[in-house]
Amino acid sequence: MVKEGKYKEALEIIMEDLPLPGVLGRVCPHGCENACRRCEVDDPIAIRDLKRLAADMCDPREINVECAATREEKVAIIGSGPAGLSAAYHLARNGIKSVIYEALPQAGGMLRVGIPAHRLPREVLDKEIELVTNLGVEIKLNTPLGSDLTIDDLFSQGYKAVYLALGAHKGIELGIPNERAAGVCQGVDFLREANLTGKTDVGKKVAIIGGGNVAIDVARSAKRLGAGEVTILYRRTRTEMPAWEEEIQAAEDEGTIINYLTAPQEVLVQDGKVVGVRCIKMELGAPDSSGRRKPIPLPGSEFDLEIDQLVPAIGQRPDLSALDDVAGLDISRWGTTDVDPITYATGHEGVFAGGDLQTGPWVAIGAIAAGKEAAESIARYIDGIDMAKGREPITYDDPVYRPIPKDEKVSARAKMPELAIADRAGNFDEVELGYSEDVGKAEAARCVNCGYCCECYQCVDACGADAVTLITHAESTEVLELDVGSIIVAPGYQPFDPSKFDNYSYSKFENVVTSMEFERILSASGPTQGHLVRLGDHKEPKKIAWLQCIGSRDQNKCDNSYCSSVCCMYAIKEAAIAMEHSGDDLDCAIFYMDMRTHGKDFEKFYNRAQDSGVRFVRTRIHSIEEDDETKSLTLRYATEDGRIENEVFDMVVLSVGMETPDGVKDLADMLGIEMTSGNFAAAPTFAPYETSVDGIFACGAFQGPRDIPQSVVDASAAAAAAGEFLSDARGTQTKTKELIEETNIIGERPRIGVFICRCGTNIAGVVDVPSVVEYAKDLPYVEYYTDNLYSCSQDNQEAMVALIKEHNLNRVVLAACTPKTHEPLFQETLMDAGLNKYLFEMTNIRNHDSWVHKNNPEVATEKAKDLVRMAVMKVALMEALPEAELEINQTALVLGGGVAGMSAALSLADQGYETLLVEKNKELGGQALNLYKTVKNEDVQTELKGMISKVEGSPKVSVHLETTLDSVDGFVGNYKSKISRNGNSEDIEYGVAVVATGGNPYLPDEYSYGQDPRVLYSLELDKKLMANDPSIKDVNSAVFIQCVGSRNDDRPYCSRVCCTHSIHSAIELKELKPEMDVYILYRDIRAYGEREYLYREAREKGVFFIRYSVDNKPEVKTGDRLTITVIDHVLEKPVEIEADLLTLASAIVPNANETLSQFYKVPINDDGFFVEKHAKLGPTEFATDGVFLCGLAHYPKPVDESVAQGKGAASRAVTLLARKNISTSGQVARVKPDVCSTCGVCIAVCPYSASYFRAEDERFFPGKSEINPVLCKGCGLCVASCRSGAINLLGFGNDQVFSQIFAFNEAI
Amino acid sequence: MSDWEPKIVSFFCNWCTYGAADLAGVSRMEHPPNTRVIRLPCSGRVSPKFILAALRQGADGVWVSGCHPGDCHYIEGNYYARRKFNLMKNLLEHMGLEPGRVQFSWISSAESTKYVQVINEVIETVRKLGPAKDFVKDKPKVD
């Protein structure tokens, strides 16, 4: 708060707890500063001095201290020191008045008589005592407790409770001879007299015994009062001295001599007066009970010191004479009062004690805290409630702190300005002068905010809606126990922290950023609002470099040897967007090892980026250097032909990988989930959603690095797995909302209610809301009009329901915020009032008006009136729209009996749904029948057999082999089809369809395939391996050629699985025959995720990897010898390899999908794969409701991803099936068939195939257009396109939009 | 005419430009108050008649804004809108309407900055053209 210059607010916070901010800001020993976490960087924040600055800048008397209503009960407080004042203050805040009885002629206790004015100016103390008396506290001076005033007297005077805070004012004697001689004066007595009267007897040569602050105070006061020579005798060394270091320093500066390791033995007296003190030197022995080393006298070292005044200041204790005979009051062996440690209650009913009286001499802040606690106890005592309940001290075993930034700069703590030493003599002017505002703000700014929230409660003041209150603010961690049947673990990943790579200097160079930071720079809602600039100097970069594989595929600098899968693609995307932002002259270069664009449509994106000029440089960057002036960065790298290049870039983006955070590893550990070497959840290939713990499923990057589509698929699969697990419990814990019966308003004249929202001051601060309300009054059909503070608040919702009923309203207009977020809420309000939810119109006078025209309130008000008028005119024409309910047929159809289709069918069946599985071949299994082993070395055939037998054994799955789908009729929830087997046709009905029609291997037409038996494609090699073909043992040299049929002009996509497949087969060959030479000729190795380990293993096992360029493909010569010639990328020379076996990693091509595409009106892309609803968020479903997608029909993928997508498709299908019926939206297009000219435009344009022609043999309107409200999404495209004007969009009808247009300009 | 301010009717797609206008509000991006927004499900819902009606009603300008081509919430509504608008614009200009009186744009719901830039351009263009006269229905004369 001090940093912000909010001194008043700062004092308000301080004074929640203590009434004496200026006093404590000077005399507090600031134990808190030792705990300050800034100590980990340099010195602690000067917390005490900042407190003082707040009290210096703002008079604490001006702070409004909120007090409860005054009560009748009164409390007597004995002693006006910090404990007494604090108790009085806090009692007053509780509404309890108190009277303080003070023995001395001035109030303040030790603050007054113990602390000299040069440390605590009297006016500061007076001001803050006045602050307490201003609350109605009365202080009776010169009124000691004693025989004239006993505790019993006080009770009989009507006081309900007594608080004893007498302090400790009695000096402790030294216990040496002649201690009572004239010229010996106790330290506390010396100070009391000096502080009360401003003078006291001071000798010329003064010796003070002791090492505490009292000793120092006496010394510094004596100097000020004219003492010639002041000596402090202390029996230990300076290190052990309890006085504050700055006080010792100040005393020395002012001329006090300190004799360490010196103890007095005897006071030397002449004529009854002190003339000297005999001392003895000490040495330090073993530590005593206080932990300090015990002083031991050195025999024979005695010496005499000539003095005329001796002041012992070795401690003080309470003067208990007035409390001698109080019944029940126990005195400890230390001479202090015994109290309950929590409530501060003594053994005497209604008597409480605190401060030095109870603790022995201690610090003021301790006394103030004790006073506050006692006040709480006394208030409870008076109310007769349990004094101790809920007051146990809270200890924080594991406090949560914000980590201190590693790059936090060291900055010196502000020095306290002091009065010059020469100006201090002979006066008690304050020595510490206090910070100036600037110095104080800078000091406050050193705070590292380690506590997250500093509890300034400014949010409580600012929140007009009372959402943040002191009570809600105090809410803390709560432990909840949940009863669950299954757990899905999706804790995600963290981006790799590149600051540990010193060669990239991420934390040193401002223009080296991570890819995540670059995303924010590109984002319209980011720090630069989407302007691509360097954050340091706001210059637009002309050249940007991306460095790939930062924290991935790297065992030297970090332990993440896996590939993070997503970085290549996002780097290309960032480069493409950067070029969109900055124009084509932006030079983008991506430095990479292998370009891994194995996702659907990613390869095309990569090709486009190359065409548009993004440079792809295959190298690893050695180091980055920064230019001191321009802050540009020089990259040093080796080109492919071996040259060393230095290239300067304006920005460098580090494409950081994914890793599992430590907290997630702990979570996995706690749950007992087995992890892979890369710290991802381990799972079998045929159940990728499982973890090693039964009933716990996983999804997302916790399973391995992956992109959004894969994560969404996994999430659906995990949900289905949990759904199977819990299918018996489906629907048992759901609640159904009670629906209010809808009022029929047909034929009623519109009765419109207009509600104008003030949104606190968000709208009302700009728009003149009352005048808009007044204006609404005269609009047609308006029956009721009002404004609300917050329309969306719970109580207002209820009020609106009541008003709608009371005024019999049948249409509602709300002028407030955006309908995009709030329309559904208010539609529910209408439904609660029995109105159809479409009899509502919301207009946006906040986002579109008050927030953006705040400098123009008059025009903003006019605009609000226009918008309200337009809404009223529209709503008057609104009708109640029906939402038809449709039953969903509970049977599912799965097309395709491969791994994906079986996975979907099994999941649907296990969740309780009848499933028809249609497969065109003779057996189930699909392409997996041709696979040998998974990348995790599981035997595919064994696993597949298990899966097939589960499908065949499932009572809910009916398998139709050698069957084809001949026709599709109907729509979501109600499909009808014909299927046929060997010419026998059968009709089936079902609610949802899952398309899992798979793919095929591409049969190569190059590399001599088909002309030489030694040339195979991948699946043929698998077959040989499966059959344990002996001819493999004879092979001495095997070659794999990658990207056969993939990534070319005909099929510009990556087949995703081939790199890993070939590597795995290569390892297999090496294991069968280690001396075999195995070569893999590749373009980019795309062993994504933890498949990267296989790539490493293959290299370790001696598999040769030779990269070829697409312009210079390998050449195959057949004949006696099978030779493959390839240009080696390192040697840049042709290499001829003689092989006995050539395996072509052939592409995966989709089945012919056109018929199916027409049947279900679902699209296919240029490559022949089906197009999903949304590439990222809807990867397992189609835009057409009720049709789902999985497996190779979507895109090439390995077994685990097919299994997951199959289950994912089932999961999405169940979301429909489980509802049993669906309600259509009311906002759909409707045809007037008598106007329809059957032109067919609506059918041509509808993206959802909702329009169709009625059958020619229908009785009414045969051949006319009709729209299925179940399929219609209400976009209105057909409405705007209908040349006959036959179609209308309910809710956004022509007449309704026209009414808005007609109303926009009232003057005309 | 010095205090004349153009009044512009805007047809916004609910999913993108309406959202961009919302976001501009959230970001407190000041812009001139000359537009009146009519929210529609899709730019494909904008019938040419709406544009004519607004002009006839006295709008000094009409502004239609939808999602970027390829980003339609309804898959392809804005492609159809784009075709319609091109024809519509040609037709209106052929009939003598000043270019700039009717404008189209594509603004996604994240592009609040672009929204503010375009709204300023639209308003300035219309302001330079002055009050619309060509299609405005005559005011009824009241004796």
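Residues numbered from 1 in each chain as written. Chains lettered and ligands numbered in written order. Predicted model: local features only at pLDDT ≥ 70, side-chain atom pairs only at ≥ 80, totals over all residues.

Q: Would you mind going over the overall build of chain B with me for this structure?
A: Across its full length, chain B carries four helices and four strands. Taken over C-alpha atoms, the radius of gyration comes to 15 Å for chain B, in line with the 15 Å a tight globule of 143 residues would show. Seen through its C-alpha atoms, chain B measures out along the principal axes to roughly 50 × 35 × 25 Å. Long-range pairs, those at least 24 residues apart, make up 83% of the contacts in chain B with a sequence separation of at least 6. (Helix = DSSP H or I, 4+ residues; strand = E, 2+ residues; numbered from the N terminus. Rg over C-alpha atoms; globule rule 2.2 N^0.38 Å. Contact = placed C-beta atoms within 7 Å.)

Q: How do you make sense of the overall build of chain A when you look at a structure like this?
A: Counting its regular elements, chain A contains 36 helices and 55 strands. For chain A, whose C-alpha radius of gyration is 43 Å, the value lies well above the compact-globule estimate of 34 Å for 1308 residues. Dimensions of chain A, computed from C-alpha atoms along their principal axes, come out at roughly 135 × 90 × 60 Å. Across the 1308 residues in chain A, those meeting the buried criterion constitute 45%. (Buried ≥ 20, exposed ≤ 12 C-beta atoms within 10 Å, placed from the backbone.)

Q: What's the story with the packing of helix H30 (residues 1058–1072) of chain A against helix H31 (residues 1092–1100) of chain A in this structure? I'm lost.
A: Angle between the axes and distance between the axes are the two parameters that describe a pair of packed helices. Residue and element names in this part refer to chain A. Running from amino to carboxyl end, H30 crosses H31 at an angle of 40°, the nearest separation of the two axes being 9 Å. By the criterion of interaxial angle, the relationship of H30 to H31 is oblique. For the element pair H30 and H31, the recorded crossing hand is left-handed. The residues of H31 that touch H30, namely those facing Thr1060, Ile1063, His1064, Ala1066 and Ile1067, are Leu1094, Tyr1095, Glu1097 and Ala1098. In the contact of H30 with H31, the residues fall into six nonpolar, two polar and one charged. (Axes fitted to C-alpha atoms, helices over the stretch in contact; angles between N-to-C directions. Parallel < 35°, antiparallel > 145°, perpendicular 65-115°, else oblique. Left-handed = near helix turned anticlockwise from the far one by under 90°. Nonpolar A, V, L, I, M, F, W, Y, C, P; charged D, E, K, R; others polar.)

Q: Any chance you could explain the interface of chain A and chain B here in plain terms?
A: Accessible area lost upon the coming together of the parts is a frequently used measure of interface size. Each partner contributes to the interface: chain A provides 42 residues, whereas chain B provides 42 residues. Elements that contribute at least two residues to the side of chain A that touches chain B include exactly helix H24 (819–832), helix H25 (846–850), helix H26 (857–876), helix H35 (1277–1281) and helix H36 (1294–1303) of chain A. Here the side of chain A that touches chain B takes six residues from H26(A), the largest share from any one element. Taken together, the residues of the side of chain A that touches chain B break down into 23 nonpolar, 14 polar and five charged.

Q: What am I meant to see in the sheet that holds strand S25 (residues 651–656) of chain A here?
A: Hydrogen bonds between backbone groups are what pair the strands of a sheet, and the pairing can be parallel or antiparallel. Residue and element names in this part refer to chain A. Strand order in the open sheet formed by five strands is S18-S25-S19-S20-S21, with parallel pairing between adjacent strands. The outermost strands of the open sheet, each flanked by one partner alone, are strand S18 (512–514) and strand S21 (615–618). For this sheet, the mean angle separating the axes of adjacent strands, direction not counted, is 25°. Of the strands in this sheet, S18 and S25 touch helix H17 (residues 515–522), which is tilted by about 120° from S25. (Pairing = 2+ DSSP bridges.)

Q: What am I meant to see in helix H1 (residues 7–14) of chain A here?
A: Helical geometry note: an α-helix holds 3.6 residues per turn, so side chains three or four residues apart project in the same direction. Of all the residues in H1(A), the buried ones are Ala10(A), Leu11(A), Glu12(A) and Ile14(A). The inward-facing, buried residues of H1(A) contact helix H2 (21–27) and helix H4 (47–57) of chain A.

Q: Just checking my understanding: could you explain the sheet that holds strand S33 (residues 891–895) of chain A for this structure?
A: Residue and element names in this part refer to chain A. Read from one edge of the open sheet, five strands run S35-S34-S33-S39-S50, paired in parallel fashion. The open sheet has two edge strands, strand S35 (957–960) and strand S50 (1187–1189), and neither has a second partner. Within the sheet, the average angular offset between the axes of one strand and its neighbour, ignoring direction, is 20°. Helix-sheet contacts for helix H33 (residues 1199–1217) involve S33, strand S39 (992–995) and S50, and the interaxial angle to S39 is about 170°.

Q: What exactly am I supposed to notice about the nonpolar core here?
A: Buried together is how nonpolar side chains tend to be arranged in soluble globular proteins. Residue and element names in this part refer to chain A. With 125 residues, the main nonpolar core has Val894, Val994, Val995 and Leu1142 as its most contacted residues. At nine residues, helix H21 (residues 708–725) tops the list of elements feeding residues into this core. Excluding anything up to four places from it in sequence, leucine 1142 contacts Tyr1007, Arg1014, Val1015, Val1039, Ile1041, Val1116, Leu1122 and Ile1124. (Core = buried A, V, L, I, M, F, W, Y, C linked by C-beta atoms within 7 Å.)

Q: What's the story with the pairing of strand S38 (residues 984–990) of chain A in this structure? I'm lost.
A: On a regular strand, one side chain projects to one face of the sheet and the next to the other, so that they alternate. All names here are of chain A. Judged from the seven bridges that link them, strand S37 (residues 974–981) and S38 form a sheet pairing that is antiparallel. Note that in S38 the partner of isoleucine 979 across the bridge is glutamate 986. Counted between consecutive antiparallel strands, the loop separating S37 from S38 contains two residues, among which asparagine 982 sits at a positive phi close to 50°.

Q: Just to check I follow, could you spell out unusual backbone geometry for this structure?
A: A negative phi holds for most residues other than glycine; trans holds for most peptide bonds. Residues and elements named next belong to chain A. A positive phi angle, close to 55°, is found at arginine 1047, a residue other than glycine. With respect to the helices and strands, the residue arginine 1047 is situated in the loop between strand S42 (1037–1044) and H30. Accessibility expressed as a C-beta count within 10 Å gives 22 for arginine 1047, which makes it buried.

Q: Whenever I open this one, the packing of helix H10 (residues 213–224) of chain A against helix H11 (residues 245–253) of chain A confuses me. Can you help?
A: All names here are of chain A. Remark: H10 packs on H11, axes separated minimally by 10 Å, with the N-to-C direction vectors making an angle of 25°. By the angle class used here, H10 and H11 are roughly parallel. As for the relative orientation of H10 and H11, their crossing is left-handed in sense. Counting all contacts with H10, which are made through Asn213, Ile216, Ala219 and Arg220, the residues of H11 involved are Glu247, Ile248, Ala250 and Ala251. Considering only residue class, the contact of H10 with H11 consists of five nonpolar, one polar and two charged.

Q: Please explain the pairing of strand S47 (residues 1134–1139) of chain A as it appears in this structure.
A: Residues and elements named next belong to chain A. Note: strand S46 (residues 1122–1127) against S47, six bridges, orientation antiparallel. Each residue of the ladder has a partner; that of isoleucine 1127, found in S47, is proline 1134. Here S46 hands over to S47 after six residues, with glutamate 1132 in that stretch at a positive phi of 55°.

Q: Would you explain the environment of Gln703(A) in this entry?
A: All names here are of chain A. Inspection of the secondary structure puts glutamine 703 in the loop between strand S27 (696–698) and H21. Note on glutamine 703: 27 C-beta atoms within 10 Å, which makes it buried. Along the primary structure glutamine 703 and asparagine 679 are separated by 24 residues, whereas in three dimensions their C-alpha atoms are 8.8 Å apart. What glutamine 703 contacts, discounting residues up to four positions off in sequence, is Phe680, Ala681, Ala683, Pro688, Ala698 and Asp714.

Q: Teacher, can you tell me more about the environment of Asp1128(A) here?
A: All names here are of chain A. Summarising the element assignment, aspartate 1128 is placed in the loop between S46 and S47. The class of aspartate 1128 is partly exposed, set by 14 C-beta atoms lying within 10 Å. Remark: the alpha-carbon pair of aspartate 1128 and serine 1109, spanning 19 residues in sequence, is separated by 9.4 Å. Contacts of aspartate 1128, omitting those with residues within four sequence positions, involve Ile1106, Lys1133 and Val1135.

Q: Where do I start with the confidence of the model for chain B in this structure?
A: Parts of the prediction with low pLDDT should not have their coordinates interpreted in detail. The predicted model of chain B has a mean per-residue pLDDT of 90, with 94% of residues at 70 or higher. Among the scores for the predicted complex, ipTM is 0.96 and pTM is 0.73. (pLDDT = per-residue confidence, 0-100.)

Q: Sorry if this is basic, but what is going on with H10(A) here?
A: Residue and element names in this part refer to chain A. The end-to-end C-alpha distance of H10, which contains 12 residues, comes to 16 Å, matching closely the 16 Å that a straight helix rising 1.5 Å per residue would cover. Most of H10 sits out of view: 12 of its 12 residues are buried. Where H10 ends, the next residue or the one after it, glycine 226, has phi of about 105°, a positive value. (Expected span 1.5 Å × (residues − 1).)

Q: Even after reading the chapter, I still don't get the environment of Glu783(A), so can you show me in this structure?
A: All names here are of chain A. Residue position: glutamate 783 is located in strand S29 (residues 782–788). Looking at glutamate 783, the number of C-beta atoms within 10 Å reads 16, which means it is partly exposed. Note: C-alpha distance between glutamate 783 and asparagine 810 (27 residues apart in sequence) is 9.8 Å. Not counting residues within four places of it along the chain, the set of residues in contact with glutamate 783 comprises Arg751, Ile752, Gly753, His807 and Leu809.

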